Amino acid sequence: MLKATPAKVNRSRAIELARVGCAGDLPALATQLHEIERAGDPGKRGTWEYFARRLRLWIQAGIQGETPFRIFQAKGNKKLPFFSFSSLPGFDCPGAGACLYKETTEFGTGFCYSFKSWRYPAAFLRQLQNSILLRFGTEQIKRAWQGIPDNKTVRLYVDGDFHSVEILRFWMELIRDRETVQVYGYSKSWNLFLALEKEKFSWPGNYVLNLSNGSRYGDKVRRQMEKLACVRGQFVAVPVSRKWIDSKAYQDKANAGSKEYRAEVLQALRALHPGEKHFACPGNCGNCLPGGIHACAFAKLNGVVIGIGIHE
């Protein structure tokens, strides 16, 4: 008997899984997950087969009960020592431009770093689970949100973005109801924010928004966004020497070359945004500023352009 080959889910196959799931064809998604599951040993923890089985069983149970992956991750890694939420990049990013498409219309060829996580089955399938919940199971998100302790920080959308006005309103109302929870994030879905602003929507005081570059909207729309009460300022990705990416200098102040890397980021920011104040992201949100303060959620840095090196 031939031994089954362990499943390998490449970019194109992941895109197909995401497309089917976001379209709401959950029976077809369950079938595709079962095919992945059967390619190897679904009992072997940490594999595509193992996680595909968990997601399939949840889908076939009507996306009810305990989710196969935590909806909010608590202190997922050293770089992000906060609670966080992610969904699918690209599929949940209606404002994406250069970050998603690079010189062509081929999906996922831009500088968006989120697709790197698709190499890991738990990361991709968690994003897929959450994108499904955003469309068909928001009550489960509400329950998970209420489980976050008071006086914690949440980064909303590490991957993905607000994909509709309804979902933007959903999140803002949840955030307003938990005043003791500080929430920050990044978005290119500027048209959705401006649509709510036209309704004279009251933005929650405990939410801080950074305007990501790579949006398909231009400077005129960005200037409109900068007037919103919830907006801190711009967060932009700038080209830097490849050596800083290869050496991981961009990930932490403690890494070799970090000081030189951040100097290069500042140089690029001054060229792109002359006459403005600038701050180079050190990569690790936990030691961004003294006392554990995070620049992207810090009111005293309102209007400051924060930059990071492109690391796709």
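Counting restarts for each chain: residues are numbered from 1 in the order of the written sequence. Residue-level local features of this predicted model are given only where pLDDT is at least 70; pairs of side-chain atoms are given and counted only at 80 or more, and the full residue set underlies all totals for whole chains, interfaces and linings. As a rule here, side-chain values come from all non-hydrogen atoms in the structure, and water together with hydrogens is ignored.

**Notes on the overall build of the chain**
Line of reasoning, step 1. The helix and strand tally for the chain stands at ten helices and eight strands.
Line of reasoning, step 2. With the principal axes as the frame, the chain shows a C-alpha extent of 70 × 45 × 40 Å.
Line of reasoning, step 3. Evaluated residue by residue, the chain yields a buried proportion of 52% over its 312 residues.
Line of reasoning, step 4. Accessible surface is estimated by sampling points in the Shrake-Rupley manner with a 1.4 Å probe; for residues, cover comes only from the protein chains shown. In the form shown here, the chain has an accessible surface area of approximately 15,200 Å², with 51% of it arising from carbon and sulfur atoms.
Line of reasoning, step 5. We score Asp and Glu as negative and Lys and Arg as positive, and we do not count His or the chain ends. The atoms used to mark charge sites are NZ of Lys, CZ of Arg, CG of Asp and CD of Glu. In the chain, the 45 positive side-chain charges and the 28 negative ones have mean positions that sit 5 Å from each other. Only runs of H or I of at least four residues qualify as helices and only runs of E of at least two qualify as strands under DSSP, and these elements are numbered from the N terminus. Only protein chains enter the calculation, and the probe is 1.4 Å; a residue is then buried if its accessible area is under 20% of its type maximum, exposed if over 50%, and partly exposed in between.

**Remarks on the packing of aromatic side chains**
Ring pairs (aromatic) are described by centroid distance and by the angle formed between their planes.
Line of reasoning, step 1. Stacked, tilted and edge-to-face pairs are distinguished by plane angle, under 30 degrees for stacked and over 60 for edge-to-face with tilted covering the rest, among Phe, Tyr and Trp rings (Trp via its six-membered ring) whose centres lie within 6.5 Å. Summed over the entire model, instances satisfying the criterion amount to 19 aromatic pairs.
Line of reasoning, step 2. Both rings, one in tyrosine 157 and one in phenylalanine 162, keep their centres 4.8 Å apart while their planes meet at 70°; by these two values the pair is edge-to-face.
Line of reasoning, step 3. Their ring planes at 65° and their centres at 4.9 Å tell us that tyrosine 186 and phenylalanine 235 sit as a pair that is edge-to-face. Placement of the pair is tyrosine 186 in strand 4 (residues 182-187) and phenylalanine 235 in strand 6 (residues 231-238), with a sequence separation of 49 residues. With respect to burial, tyrosine 186 and phenylalanine 235 carry one shared label: buried.
Line of reasoning, step 4. The criterion is that NZ of a Lys, or CZ of an Arg, lies within 6 Å of the ring centre and within 35 degrees of the ring normal, and then a charge sits over that ring. The aromatic ring of phenylalanine 69 is capped on one face by arginine 54, whose charged end is 5.5 Å from the ring centroid.

**Some words on the nonpolar core**
Line of reasoning, step 1. Core analysis: the biggest nonpolar cluster contains 67 residues, and Phe72, Phe162, Trp171 and Phe193 have the highest contact counts within it.
Line of reasoning, step 2. Looking at this core element by element, the count peaks at eight residues for helix 6 (residues 165-176).
Line of reasoning, step 3. In contact with phenylalanine 162, not counting residues within four places along its chain, are Asp92, Pro94, Leu156, Tyr157, Leu168, Trp171, Met172, Ser187, Ser189, Leu192, Phe193 and Tyr207.
Line of reasoning, step 4. Nine residue types can take part in a nonpolar core, namely buried Ala, Val, Leu, Ile, Met, Phe, Trp, Tyr and Cys, and a core is a set of them joined through side-chain atoms within 4.5 Å. Core analysis: the next-biggest nonpolar cluster, separate from the first, contains 30 residues, Phe82, Ile245, Val265 and Cys296 among them. Pairs of residues are marked as contacts when any of their non-hydrogen atoms sit within 4.5 Å.

**Observations concerning unusual backbone geometry**
Line of reasoning, step 1. With a phi close to 70°, tyrosine 157 is a non-glycine residue in the positive phi region.
Line of reasoning, step 2. Considering the arrangement of structural elements, one finds tyrosine 157 in the loop between strand 3 (153-156) and helix 6.
Line of reasoning, step 3. For lysine 248, which is not a glycine, the phi torsion comes out positive at approximately 65°.

**Some points on the packing of helix 5 (residues 138-146) against helix 6**
Line of reasoning, step 1. Contact pair helix 5 / helix 6: the axes reach a minimum separation of 11 Å and the direction vectors enclose 25°. In this view, helix 5 runs roughly parallel relative to helix 6, as classed from their interaxial angle. In this structure, the crossing between helix 5 and helix 6 has a hand that is right-handed. Across the interface between the two elements, Thr138, Ile141, Lys142 and Trp145 from helix 5 touch Ile167, Phe170, Trp171, Leu174 and Ile175 from helix 6. Comment: axis = line fitted to C-alpha atoms, over the contacting stretch for helices; angle = value between 0 and 180 degrees taken between N-to-C directions. Angles are sorted into four bins: roughly parallel if under 35 degrees, roughly antiparallel if over 145, roughly perpendicular if 65 to 115, and oblique for all others. By convention, the crossing between two helices is left-handed when the near helix turns anticlockwise from the far helix through less than a right angle, and right-handed when the turn is clockwise.

**Some words on the sheet that holds strand 2 (residues 83-85)**
For sheets, the rule is that strands pair by backbone hydrogen bonds, running either parallel or antiparallel.
Line of reasoning, step 1. Spatially, 1-2-3-4-5-6-8-7 is the arrangement adopted by the eight strands of the open sheet, whose pairing is mixed. Sheet topology places strand 1 (73-74) and strand 7 (278-280) at the edges, where each strand pairs with a single neighbour.
Line of reasoning, step 2. Of the strand pairs in this sheet, strand 1 and strand 2 are connected by two bridges, and their pairing is antiparallel. Within strand 2, the residue paired with alanine 74 across the bridge is phenylalanine 83.
Line of reasoning, step 3. Along the sheet, helix 7 (residues 190-198) makes contact with strand 4 and strand 5 (207-212), crossing strand 5 at roughly 135°. Whether two strands pair comes down to DSSP finding at least two bridges between them.

**A short note on the environment of alanine 295**
Line of reasoning, step 1. With respect to the helices and strands, alanine 295 occurs in the loop between strand 7 and strand 8 (305-309).
Line of reasoning, step 2. Spatially, the C-alpha atom of alanine 295 lies 14 Å from that of valine 154, the residues being 141 residues apart in sequence.
Line of reasoning, step 3. Residues contacting alanine 295, with those up to four places away along its chain left out, are Arg232, Phe279, Cys288, Leu289, Leu301 and Ile306.

**What to know about the pairing of strand 4**
Line of reasoning, step 1. Of all six residues that make up strand 4, five are buried, and the element is covered over most of its length.
Line of reasoning, step 2. Sheet topology note: the strand 3/strand 4 ladder contains four bridges and is parallel. Looking across to strand 4, one finds that threonine 153 is bridged to glutamine 182.
Line of reasoning, step 3. Place the viewer so that the strands point away; then a crossover is right-handed whenever the path from the first strand over the helix to the second strand goes clockwise. Viewed along the sheet, the connection from strand 3 through helix 6 into strand 4 turns out right-handed.
Line of reasoning, step 4. Here five bridges tie strand 4 to strand 5, and the two strands are oriented parallel to one another. The residue bridging tyrosine 186 from the neighbouring strand is asparagine 210, located in strand 5.

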